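What follows is the residue order along each chain.
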Amino acid sequence: MATVIRQIRKKGINYRIQVPVKDEKTGKYKTATTTWEPPKGLTKRDQDKAAEAFALEYEKHVKANLHNPFNIDENATLKEYSVIFLDYMEKHTSANYHSSCQTHTTLILSILGNYKLNELKPLVTQNFIDNLSSLTYVQTTVTPKAMIRKKIKDRKLSLCKFAMLAGISDATLKSAVSGKNVALESAEKIANALQSSADELFTIINETRHYSSETLAKIVRIFKHMLSLAKRFEILDKNYASAEYVKGIQGIPKEKEIMDLDDTLDTLECIEKEKDLRAVTAVMIGIYMGRRRGEVAGLQWSDLDLENGIMDVKRSRTSVARKGVIEKTPKSEHSAKSYSMPSSLTNQLKKYKAWWNDYVENILGDRYQGLPYLFLQLSGKPVHPSTIYGWWKKLQKKYNLKDVDFHSLRTTNISIQYASNLISSEMIADRAGHANDKVTKQKYRKVFQNDDKRAAEIVDEIFSREHVVTR
């Protein structure tokens with residue numbers, strides 16, 4: 001508790017305020033001290049009361065700063081505070097969410113960066129949200145020209161060696177020589193390696209676009225998160241960006257196509273004839289196990305017990321803006337565990353293992369880096385997560401399969417389990433890596449639309465029958 005000492009000085013009366021503060025590192029106490037001068041015209045009793053009130057506020061300020069090593073208060077600008085916010089996000093959230101925060105915080109700061117935290121009142125915040133829909137950004141599309149492959153060939157370099165020379169992944173270079181769009185940064189690296197300009201080798205088109213409602217909703221959520229954290233750190237008393245004070249933006253996510261049972265059976269029948277065992281095996285893991293593509297890319301042979309048909313999900317390889325591919329634990333902590341595999345998948349993995357051993361020994365040879373991942377690049381490095389997606393799209397095009405993304409395989413796996421009525425919802429949730437079946441049902445609520453229709457039909461049958469009987 002603060003100590004208040006009344007002092008009589010030559011210049012007048014003041015109060016010395018002392019607050020004991022414990023150093024969390026050493027465990028020792030030190031004293032935070034300040035002085036306060038009462039306004040003129042107050043009686044001694046009123047001065048003492050005012051000094052006690054000031055001491056109480058000063059003590060709160062000192063204790064708040066114990067959890068605020070940057071010494072930021074409500075008079076700091078949002079730009080100054082954003083350093084704390086992004087640092088916290090990097091330490092306590094996923095790499096992808098931190099990257100998203102970096103991207104969207106830049107936009108937020110371009111509008112509100114010079115505002116002090118205590119100036120972010122409901123009117124300012126609502127005005128910011130309302131004007132977001134008028135914002136635009138430049139979409140850059142970079143399409144390779146056909147000459148790239150020839151220029152690389154003229155240098156008498158393999159694609160693998162040129163990719164290493166340019167400082168890009170094998171997958172990125174394959175996209176470029178195949179005429180698929182690439183990032184501007186990748187285009188510039190390819191151009192530099194070929195001693196050409198990006199404009200000579202690529203068609204670069206810039207388009208001005210408006211942000212989607214889903215993106216705007218994400219920007220608002222991150223802004224609310226910024227102020228929510230400031231309130232938790234006791235930098236702000238209130239979060240004026242919360243729903244209590246302002247109206248946010250409702251994002252409208254795009255509906256994604258998913259496969260039904262017939263689509264899946266068709267897929268399995270078609271890929272059974274496919275010679276690319278890497279692609280086939282990756283897709284079968286998606287279908288039979290419902291694993292995300294990052295988890296598929298992160299699988300190592302030590303994670304598999306092929307004798308007993310067990311798969312351990314321990315890691316995920318994820319592409320993060322500004323950081324490249326990082327390896328981390330799976331998206332959900334509940335996903336990191338052992339799973340029994342269907343025998344069809346176990347048999348496929350045994351077949352793939354024999355192919356993999358031959359591939360490493362006779363194809364990779366000295367390029368093999370000793371990394372025991374299931375899926376490798378020609379250079380011997382683990383495949384980029386986008387490669388898994390590329391294999392799947394290639395199979396779709398080759399066999400005229402339903403055009404869905406790789407994550408649809410996970411949705412299909414879960415929905416077919418539910419549709420069977422042979423597996424408990426708790427077990428389905430457990431194999432999906434969810435905390436409980438409520439999470440699964442909420443996340444995959446579209447799966448239950450047919451059940452909902454059937455329920456309506458049953459109710460109709462019941463009431464119709466009762467109506468006939470009573471008549």
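The sections below set out a description of the structure shown in this document. (Residues numbered from 1 in each chain as written. Predicted model: local features only at pLDDT ≥ 70, side-chain atom pairs only at ≥ 80, totals over all residues. Heavy atoms only, no water.)

As for the overall build of the chain
Looking only at helices and strands, the chain has 19 helices and 10 strands in total. Burial statistics for the chain: of 471 residues in total, 40% are counted as buried. Counted over contacts in the chain with a minimum sequence separation of 6, partners at least 24 positions apart contribute 62%. As displayed, the chain has an accessible area near 27800 Å², and 50% of this comes from carbon and sulfur atoms. (Helix = DSSP H or I, 4+ residues; strand = E, 2+ residues; numbered from the N terminus. Buried < 20%, exposed > 50% of the residue type's maximum accessible area, 1.4 Å probe, protein only. Contact = heavy atoms within 4.5 Å. Areas by Shrake-Rupley, 256 points an atom, 1.4 Å probe, with all protein chains shown as cover.)

Overview of the pattern of salt bridges
In a structure, side chains of opposite charge can pair up when their charged atoms sit close to one another. Inspection of the entire model under this criterion finds 16 salt bridges. Between Arg 6 and Asp 48 there is a salt bridge whose closest N-O contact spans 3.8 Å. With Arg 6 in strand β1 (residues 3-9) and Asp 48 in helix α1 (residues 44-66), this pair connects stretches of sequence that are 42 residues apart. Across the pair Lys 337 and Asp 430 runs a salt bridge, and its minimum N-O distance is 2.6 Å. (Salt bridge = Lys/Arg side-chain N within 4 Å of Asp/Glu carboxyl O.)

A look at a positive patch on the surface
Taken together, the side chains of Lys 174, Lys 180, Lys 394 and Lys 397 present a region of like positive charge at the surface. With respect to the helices and strands, the residue Lys 174 is situated in helix α7 (residues 170-177). (Patch = residues over 30% accessible without salt bridge, like charges linked within 9 Å, V, L, I, M, F, W, Y side chains within 5 Å. Lys, Arg positive; Asp, Glu negative; His and termini not counted. Charge placed at Lys NZ, Arg CZ, Asp CG, Glu CD.)

Some points on helix α8 (residues 184-193)
Those residues of α8 that sit buried are Ser 186, Ala 187, Ile 190, Ala 191 and Ala 193. Viewed end-on, α8 has its buried residues packed into an arc of 165°, placing them on one side of the element. Opposite the buried face of α8, by more than 90 degrees, sit the exposed residues Glu 185 and Asn 192. Along its buried surface, α8 packs onto β4 (136-144), α5 (147-154), α6 (159-166), α7, α9 (198-201) and β5 (202-210). Immediately downstream of α8, the backbone of Gln 195 shows phi near 55°, a positive value. (Arc of directions from axis to C-beta.)

As for the packing of helix α12 (residues 277-289) against helix α15 (residues 385-399)
It is at 9 Å that the axes of α12 and α15 come closest, and there the two elements cross at 100°. Between α12 and α15, the crossing angle belongs to the class labelled roughly perpendicular. The segment α12 lies against α15, with Arg 278, Ala 279, Ala 282 and Val 283 engaging Ile 388, Trp 391, Trp 392 and Leu 395. (Axes fitted to C-alpha atoms, helices over the stretch in contact; angles between N-to-C directions. Parallel < 35°, antiparallel > 145°, perpendicular 65-115°, else oblique.)

Things to note about unusual backbone geometry
Here Lys 156, not a glycine, exhibits a phi torsion of approximately 60°, which is positive. Along the chain, the position of Lys 156 falls in the loop between α5 and α6. In this structure, Gln 195 takes a positive phi of about 55° despite not being glycine. Relative to the assigned elements, Gln 195 resides in the loop between α8 and α9.

A look at a negative patch on the surface
A cluster of acidic residues, Asp 260, Asp 262, Asp 266, Glu 269 and Glu 272, forms a negative patch at the surface. Secondary-structure assignment places Glu 272 in the loop between α11 (261-271) and α12.

Details of the nonpolar core
Ile 285, Met 311, Leu 374, Phe 375 and Ile 388 are the most contacted members of the largest nonpolar core, which totals 43 residues. Elements with a minimum of two residues in this core: α11, α12, α13 (293-297), α14 (343-364) and α15. Broken down by element, this core gets its largest block of residues, 9 residues, from α12. The contact partners of Phe 375, leaving out residues within four places of it in the chain, are Arg 278, Thr 281, Ala 282, Ile 285, Val 296, Tyr 352, Lys 381, Pro 382, Val 383, Ile 388 and Trp 391. Judged by nonpolar contacts, the second largest core, of 31 residues, contains Met 89, Leu 107, Leu 117 and Phe 233. (Core = buried A, V, L, I, M, F, W, Y, C linked by side-chain atoms within 4.5 Å.)

Concerning a nonpolar patch on the surface
Where nonpolar side chains cluster on the molecular surface, the patch consists of Leu 422, Ile 423 and Met 427 and spans about 310 Å² of accessible area. Relative to the helices and strands, Leu 422 is located in the loop between α16 (407-420) and α17 (425-432).

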